[in-house]
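Okay, here's what each chain looks like letter by letter:
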Amino acid sequence: MLITSMAIPVIDFSKLNGEERAKTLAQIANACEEWGFFQLVNHGIPEDLLERVKKVSSEFYKLEREENFKNSKLVNLMDETGERLENVDWEDVITLSDDNEWPSRTPGFQETMKQYRFELKKLAENVMEVMDENLGLPKGYIKKAFNDGEGENAFFGTKVSHYPPCPHPERVNGLRAHTDAGGVILLFQDDKVGGLQVLKDGQWIDVQPLPNTIVINTGDQIEVLSNGRYKSTWHRVLSFTEGNRRSIASFYNPSLKATIAPAPQLANQEVEQTYPKFVFGDYMSVYVQQKFLPKEPRFQAVRAM
């Protein structure tokens, strides 16, 4: 069932620096507790940079990805079978990180995306500091937990995805329903082509495309650190016959060596600790096998390790 009258919160991030700070903190706290998703406007990422990101991403897809997608096994499978495709996603995706090889044929792609990632990482750390404050944790607590102490050990990856037009959208999702494994996710989504939905109170709700907003969502590790106050939320992407949806999701995730557990301040006598303590790399080894399955068994599996 899809209800479109409910909309995920849209929050003006710049108001943290003014008279409406307390109100804005409360809006973000509510969005984290009730939704696990919210859209930020006035987030500090320069508009001209976002326009360049759109431009180079679209050019990159046309120049370096489109032909391969059209000739992929997935497209052939869709043509050959009349059945629903269960274990695949109608998605073209690459991941950019500091230590992998980047596409090099699209003019301006590397330079623009490096600049974008630099800005996004700063925004992620600002958002985490707001979460620290709202949860009553020391400033920098979440960042330190994800970095396994001081230093820059956290993983910051950026998925550049496209969801091309699909001849039979009723037979395949753009991306199957899941929660995100990591920490804080910052999505720069298409401002025309929709398709992203979040599960709220048993109903799928559209995340409306709004130009140049950044959509924030919390992953499984924020759920653990907050001892369940901030839940990771199920979401999916639908496929459509028209439009090529662009989606650029950046993930601020713990280092694989980081130990993750509920913050002691949030697991006291009144609220028992309901989540296990584990090494993030162990969690990821479970997650890659179970990404599209319920998350609770992942916590159980990692508890037993």
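As the structure is a computational prediction, the values presented were derived from the model and not from experiment. (Residues numbered from 1 in each chain as written. Predicted model: local features only at pLDDT ≥ 70, side-chain atom pairs only at ≥ 80, totals over all residues. Heavy atoms only, no water.)

Draft legend 1. Region of interest: the overall build of the protein chain. When its secondary structure is counted, the protein chain shows eight helices and 13 strands. For the protein chain, the C-alpha radius of gyration of 19 Å lies close to 19 Å, the compact-globule estimate for 305 residues. Once the C-alpha set of the protein chain is aligned to its principal axes, its extents read approximately 60 × 45 × 45 Å. Among the 305 residues that make up the protein chain, the fraction classed as buried is 53%. At a minimum sequence separation of 6, the contacts of the protein chain that also span at least 24 residues come to 79%. Accessible surface computed for the protein chain: about 14300 Å², of which carbon and sulfur atoms make up 50%. Side chains of the protein chain give 35 positive and 44 negative charges; the mean places of these two sets differ by 1 Å. (Helix = DSSP H or I, 4+ residues; strand = E, 2+ residues; numbered from the N terminus. Rg over C-alpha atoms; globule rule 2.2 N^0.38 Å. Buried < 20%, exposed > 50% of the residue type's maximum accessible area, 1.4 Å probe, protein only. Contact = heavy atoms within 4.5 Å. Areas by Shrake-Rupley, 256 points an atom, 1.4 Å probe, with all protein chains shown as cover. Lys, Arg positive; Asp, Glu negative; His and termini not counted. Charge placed at Lys NZ, Arg CZ, Asp CG, Glu CD.)

Draft legend 2. Representation of helix α8 (residues 296–303) in the model. Looking only at α8, the buried set comprises Arg298, Phe299 and Val302. Looking straight down α8, one finds its buried side chains confined to an arc of 100°; they lie on one side. For α8, the elements touching its buried residues are α6 (220–225), β13 (278–279) and α7 (280–290). (Arc of directions from axis to C-beta.)

Draft legend 3. Highlighting the sheet that holds strand β7 (residues 196–200). Pairing is antiparallel in the open sheet, where four strands are placed in the order β5-β10-β7-β8. Every other strand in the sheet has two partners, leaving β5 (175–178) and β8 (203–206) as the edge strands with one partner each. On average, each strand axis in the sheet is tilted by 25° relative to the strand beside it, whichever way the strands run. Looking at chain direction, β5 and strand β10 (residues 235–237) are connected through two bridges and run antiparallel. Following the sheet pairing, leucine 175 is matched in β10 by valine 237. (Pairing = 2+ DSSP bridges. Axes fitted to C-alpha atoms, helices over the stretch in contact; angles between N-to-C directions.)

Draft legend 4. Quick look at the sheet that holds strand β4 (residues 155–163). Across the sheet, which stays open at both edges, the seven strands sit in the order β1-β2-β9-β6-β11-β4-β3 with mixed pairing between neighbours. Either end of the sheet is taken by a strand with one partner, and the two such strands are β1 (10–12) and β3 (92–96). Across this sheet, the average inter-strand angle for adjacent strands is 25°, counted without regard to direction. Where β4 and strand β11 (residues 245–253) come together, nine bridges link them in antiparallel fashion. Of the residues in β11, the one forming a bridge with tyrosine 163 is arginine 245.

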